[in-house]
Amino acid sequence: MSPLDNVRILEFPGVADPARGVLTVAEHIHFDRTLPSGVAETYLFPINRVFYIHGIPPGGRRGGHAHKSNCEILICINGAFDLTLSDGFRQQTYHLNDPTKGIVIPPDAWTRMENFSPDTILMVLCSEEYSEEGYIHDFSAYKTYISQHYGLS
């Protein structure tokens, strides 16, 4: 098993009105996931922190870390960027550019974001409040952590 096995694309419902625009809703978020133990469950995503990123300079990058227990949902509210997720041994890249879709980043997935359009606004929903102790910033340490927790090598 790999953290990448729990990456999900979510679609948020919207109501369009030609005179008023589109209202997109993110509520009662839940999805199926498999725990490192192999147990499958339906996870009700608790929103405990919300932040947004904007004003990224040309060539700017974000991410370069993994969370030990925090789960995130990234929603590109405006613009576009590329998100690369890795388990230390394989990676997947996604192009985010639709405010009606979000991508679930499970705990233990290494993230890298780049190729931001100048008008990008990225909103991030977090299952946990901020805690510096919950981050892994060094990729070598991350690979060791993944090998110990998932048996990947």
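How each quantity is defined
Residues numbered from 1 in each chain as written. Predicted model: local features only at pLDDT ≥ 70, side-chain atom pairs only at ≥ 80, totals over all residues. Heavy atoms only, no water. Helix = DSSP H or I, 4+ residues; strand = E, 2+ residues; numbered from the N terminus. Buried < 20%, exposed > 50% of the residue type's maximum accessible area, 1.4 Å probe, protein only. Contact = heavy atoms within 4.5 Å. Areas by Shrake-Rupley, 256 points an atom, 1.4 Å probe, with all protein chains shown as cover. Pairing = 2+ DSSP bridges. Axes fitted to C-alpha atoms, helices over the stretch in contact; angles between N-to-C directions. Salt bridge = Lys/Arg side-chain N within 4 Å of Asp/Glu carboxyl O. Disulfide = S-S within 2.5 Å. Patch = residues over 30% accessible without salt bridge, like charges linked within 9 Å, V, L, I, M, F, W, Y side chains within 5 Å.

K.L.:
Can you break down the overall build of the protein residue by residue, with the values?
P.N.:
The secondary structure content of the protein amounts to 1 helix and 14 strands. Considering only C-alpha atoms, the protein reaches an extent of 55 × 40 × 25 Å along its principal axes. Within the span of the protein, comprising 153 residues, buried residues form 41% of the whole. In the protein, the share of contacts with a sequence separation of at least 24, taken over all contacts with a separation of at least 6, comes to 75%. Looking at the protein as shown, the accessible area adds up to about 8,500 Å², and 52% of this sits on carbon and sulfur atoms.

K.L.:
For the sheet that holds strand β11 (residues 101-105), give the residues involved together with the corresponding values.
P.N.:
Taken together, the 5 strands give an open sheet; going across it, the order is β1-β11-β8-β13-β6, and neighbouring strands pair in antiparallel fashion. At either end of the open sheet lies a strand with only one pairing partner, and these are β1 (8-11) and β6 (49-54). Strand-to-strand twist across the sheet, computed as the mean angle between neighbouring axes with direction ignored, equals 25°. Across 6 bridges, the pairing between β6 and strand β13 (residues 121-126) is antiparallel. Each residue of the ladder has a partner; that of R49, found in β13, is C126.

K.L.:
Now, about the pattern of salt bridges: what can you tell me, with residues and values included?
P.N.:
Scanning the entire structure with this criterion turns up 6 salt bridges. The salt bridge partner of D17 is R20, with a shortest N-O separation of 3.5 Å. Judged by relative accessible area, which is 74%, R20 ranks as exposed. Where D87 meets R90, a salt bridge forms, and the shortest distance between an N and an O atom there is 3.5 Å. Here the salt bridges share partners, and the residues they tie into one network are D5, D87 and R90.

K.L.:
Please set out the sheet that holds strand β7 (residues 62-67) residue by residue, giving values where relevant.
P.N.:
Taken in spatial order, the 5 strands make up an open sheet running β10-β9-β12-β7-β14, and their pairing is antiparallel. The outermost strands of the open sheet, each flanked by one partner alone, are β10 (91-96) and β14 (135-136). Inspection of the sheet shows strand β9 (residues 81-86) paired to β10 by 6 bridges, in the antiparallel sense. By the bridge assignment, D82 is partnered in β10 with H95.

K.L.:
Summarise the state of the cysteines; cite the residues concerned and give the values.
P.N.:
Summed over the entire model, instances satisfying the criterion amount to 0 disulfides. No disulfide involves C76; its sulfur sits 16 Å from the nearest other cysteine sulfur, which is in C126.

K.L.:
I'd love a proper account of a nonpolar patch on the surface, names of residues and values included.
P.N.:
Taken together, Y52, I77 and I121 make up a surface patch of nonpolar side chains, about 280 Å² in accessible area. Here I77 is to be found in strand β8 (residues 72-78). Given the relative accessible area of 36%, I77 is considered partly exposed.

K.L.:
Can you explain unusual backbone geometry? Please cite residues and give values.
P.N.:
Even without being a glycine, H28 presents a positive backbone phi close to 50°. With respect to the helices and strands, the residue H28 is situated in the loop between β3 (21-24) and β4 (30-34). Unusually for a residue other than glycine, D108 sits at a positive phi of about 75°. Tracing the backbone shows D108 in the loop between β11 and β12 (110-114).

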